[in-house]
Amino acid sequence: MAETKKTKTEKPLNNSVIGVFEINNNQYLAKTGEVIRTRISTVEPNPIINLLATIDGDSLDYGSPYLKNKVDFEVMGVVKGEKVRTNTYKAKSRTRKAVGNRPRYVEIKIKSFTK
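Thresholds, definitions, all that
- Residues numbered from 1 in each chain as written.
- Predicted model: local features only at pLDDT ≥ 70, side-chain atom pairs only at ≥ 80, totals over all residues.
- Heavy atoms only, no water.
- Patch = residues over 30% accessible without salt bridge, like charges linked within 9 Å, V, L, I, M, F, W, Y side chains within 5 Å.
- Areas by Shrake-Rupley, 256 points an atom, 1.4 Å probe, with all protein chains shown as cover.
- Salt bridge = Lys/Arg side-chain N within 4 Å of Asp/Glu carboxyl O.
- Helix = DSSP H or I, 4+ residues; strand = E, 2+ residues; numbered from the N terminus.
- Pairing = 2+ DSSP bridges.
- Axes fitted to C-alpha atoms, helices over the stretch in contact; angles between N-to-C directions.
- pLDDT = per-residue confidence, 0-100.
- Contact = heavy atoms within 4.5 Å.
- Buried < 20%, exposed > 50% of the residue type's maximum accessible area, 1.4 Å probe, protein only.

Draft legend 1. Here's a closer look at a nonpolar patch on the surface. Among the surface-exposed residues, Ile-55, Leu-60 and Tyr-62 lie close enough to one another that they form a single nonpolar patch of about 320 Å² accessible area. By secondary structure assignment, the location of Leu-60 is in strand S5 (residues 59–62).

What follows is the structure in structure tokens.
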């Protein structure tokens, strides 16, 4: 079989814009079409998403502190995270206690960053 050489070519321009945004003092970096998880306590039915910066190819747009652009998103649903276990122990009293919980997250799909 003949081997084909892979040569470096220029990156094809696509519609994937990278955005840095904030949801209740938590900052996230995501591309268009990506699904992110945020804590359920920070999201109302319609969360407020403030856009800090966008990266489109070689151009960088950033605000001081926020851009006027908007983030189009869709709330996918609520999912449970991995179980978190903590143990407490008191010396010389034979007391041991295990506590755990599963944090819940809201999955948000980023559709686009609009002007």
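Draft legend 2. Quick look at the sheet that holds strand S6 (residues 70–80). Ordered in space as S3-S9-S6, the three strands form an open sheet in which the pairing is antiparallel. Only two strands of the sheet have a single neighbouring strand rather than two, namely strand S3 (35–39) and S6. If you compare each strand with its neighbour and ignore which way they point, the axes differ by 35° on average. Taken together, the five bridges between S3 and strand S9 (residues 104–114) define a ladder with antiparallel strand orientation. Following the sheet pairing, Arg-39 is matched in S9 by Tyr-105.

Draft legend 3. Molecular detail of the sheet that holds strand S4 (residues 50–56). Read from one edge of the open sheet, four strands run S2-S1-S4-S5, paired in antiparallel fashion. The sheet is open, and its two edges are formed by strand S2 (26–31) and S5, each paired on a single side. With strand direction ignored, the average angle separating the axes of adjacent strands in the sheet is 15°. Relative to S2, strand S1 (residues 18–23) is paired through six bridges, and the arrangement is antiparallel. Looking at the pairing, Gly-19 lines up with Ala-30 of S2.

Draft legend 4. Local environment of the confidence of the model for the protein chain. On average, residues of the protein chain score 82 in pLDDT, and 82% of them reach the 70 mark or higher. Across residues 7–13 the pLDDT falls below 50, and counting only partners more than four positions away or on other chains, this stretch makes zero contacts in the model.

Draft legend 5. Representation of the environment of Ser-112 in the model. Among the secondary structure elements, Ser-112 is positioned in strand S9. Accessibility expressed as a relative area gives 23% for Ser-112, which makes it partly exposed. When the C-alpha atoms of Ser-112 and Lys-31 are compared, they prove to be 8.5 Å apart, with 81 residues separating the residues in sequence.

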